[in-house]
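Listed below, chain by chain, are the residues.
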Amino acid sequence: MSRLQAFLIIWAGQAVSLFGSRLAQFALIWWLTKTTESPTILALATMVGLLPQVLLGPIVGVLVDRWSRRAIMLVADSTVALATLVLGILFWRDLASVPAVLAILFVRALGDTFHWPAMYASTSLMVPKQHLTRIQGLNQTLNGSLRIIAAPMGALLLELIGITGIIIVDVATAIFAIDPLLVIAIPQPERAPSARGLASVWHELREGLHYVRTREALLLLMGTALLANLVLTPAMSLVPILVTSHFRGEALQFAWLQAAMGVGTVTGGLLLSVWGGFQRRVYTTLMGVMGMGLGVTLAGLAPSGLLPVAIVALFLVGTMLPLADGPLHAILQASVAPEMQGRVFMLLGSLASLIAPLGLLVAGPLAELFGVRFWFLTGGIFVLFVGIASTFNRTLLSVEDVPAPSLAPAD
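The structure contained in this document is the topic of the report that follows.

Rules and cut-offs
Residues numbered from 1 in each chain as written. Predicted model: local features only at pLDDT ≥ 70, side-chain atom pairs only at ≥ 80, totals over all residues. Heavy atoms only, no water. Phe/Tyr/Trp six-rings, centres within 6.5 Å; stacked < 30°, edge-to-face > 60°. Helix = DSSP H or I, 4+ residues; strand = E, 2+ residues; numbered from the N terminus. Buried < 20%, exposed > 50% of the residue type's maximum accessible area, 1.4 Å probe, protein only. Axes fitted to C-alpha atoms, helices over the stretch in contact; angles between N-to-C directions. Parallel < 35°, antiparallel > 145°, perpendicular 65-115°, else oblique. Left-handed = near helix turned anticlockwise from the far one by under 90°. Nonpolar A, V, L, I, M, F, W, Y, C, P; charged D, E, K, R; others polar. Contact = heavy atoms within 4.5 Å.

1. Some points on the packing of aromatic side chains
For the coordinates displayed, the defined rule picks out five aromatic pairs. Summarising the aromatic geometry, the rings of phenylalanine 26 and phenylalanine 254 are spaced 5.2 Å apart at their centres and angled 15° between planes, so their arrangement reads as stacked. Of this pair, phenylalanine 26 sits in helix H1 (residues 3–36) while phenylalanine 254 sits in helix H10 (residues 251–275), placing them 228 residues apart in sequence. Note on phenylalanine 254: relative accessible area 4%, which makes it buried. Ring centres of tryptophan 30 and phenylalanine 254 lie 5.6 Å apart, and the angle between their planes is 20°; on these two criteria the pair is classed as stacked. Within this pair, whereas tryptophan 30 is found in helix H1, its partner phenylalanine 254 is found in helix H10, the two being separated by 224 residues in sequence. Exposure remark for tryptophan 30: the relative accessible area of 7% places this residue in the buried category. Among the aromatic side chains, those forming a connected cluster through ring pairs are Phe26, Trp30 and Phe254.

2. Re the packing of helix H11 (residues 281–301) against helix H12 (residues 307–335)
Helices that pack against each other are described as a pair by the angle of their axes relative to one another and the distance between those axes. Contact pair H11 / H12: the axes reach a minimum separation of 7 Å and the direction vectors enclose 155°. Comparing their axes, H12 and H11 come out roughly antiparallel. Judged by the sense of rotation from one axis to the other, the crossing of H11 with H12 is left-handed. Class assignment of the residues belonging to the contact of H11 with H12 gives a composition of 22 nonpolar, five polar and one charged.

3. Concerning unusual backbone geometry
Negative phi values dominate among residues other than glycine, just as trans dominates among peptide bonds. The phi dihedral of aspartate 94 is positive, around 60°, even though this residue is not glycine. Mapped onto the secondary structure, aspartate 94 falls in the loop between helix H3 (69–92) and helix H4 (98–126). A relative accessible area of 70% means that aspartate 94 is categorised as exposed. Despite not being glycine, arginine 248 has its phi angle at roughly 55°, a positive value. Relative to the elements of secondary structure, arginine 248 occurs in the loop between helix H9 (239–246) and H10.

4. Focus: the packing of H9 against helix H14 (residues 372–390)
Here H9 crosses H14 at 130°, and the two axes come no closer than 9 Å. With respect to their mutual orientation, H9 and H14 come out oblique. Counting all contacts with H9, which are made through Val239, Ile241, Leu242, Ser245 and His246, the residues of H14 involved are Val372, Arg373 and Phe376. Among the residues making up the contact of H9 with H14, the classes are represented as five nonpolar, two polar and one charged.

Quick look at the structure:
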């Protein structure tokens, strides 16, 4: 079996597990929305999901580069499944509360904090370089497909089997992610001898920070992504409140918006998979950022009696998401030394998780004070401006000019 075939088997198992996770996520967010009707609580739920990356992200990046990536994913996936099972028992016994749900969301996020950097860092060692952008397009297509299926399916299953049944489905699908990891080997990158055990975690963390800091173009690209994340994360967390307070909708209307974004993500993911983006990937990313800003602005402009306008707006956001995110990851996978990728991916994730709560801390109170549409309007315009301004930055546009060589010694 080739490495690419092995990767696709692991990927397929992850896809099944993600379906269960998306069902559970939809059900839990809607439960919090109907239980509290509070933009601040939804913002807090998003912040809880980001805390593990904020607190542990850079250290996790070092550990991903040191430890067996297969072992990391196995432990992380098992932990998430166990936490979800505990949550299901709480709902079954009618003991669930907002603090309990937030606590379990934190544990699930902790598992994801270890899992995804290990998965991303393994991709470049199992997938040929010329296929990396297409694999990212495939990932985005999967995410969009799950949005299409999981949102309406979650709304239907809430009526048929309730939130406890949905959680059981999530636990069952986790098995598909765990089983392939028990039998398929994941390669580890070659590393300099000093990095095998003589260097401290702190030293390796500083190496990762120095690696990014001394590459100005990479730093600017990450900064652009972070500024967009500052606005878009709060906006997406406030969609349920937009449905209930502005459009006077219920779970079905929320599912329509989620599905519209999913259809858009599939469209953008398929486009990226077939097209591959511009020859210079950074132009595709910036086009995606500008498109997402435009879509969020349109959602804020939608009148209360015109839900279809918001549906079109989230379709646009979904379409642009793969075009922004997929090439960004491909740039990192192609330009960052393999033995540094765990740290660089985790640094980006940690900074995104650190900056998003700043937006959430502002977005929740502003939505309470001025209405939820205010954040969509001002935030969308800001993201659009960031994307346009970045196209005039020559240093940022040169990010792909000099790919970084491996730091490991040659055999």
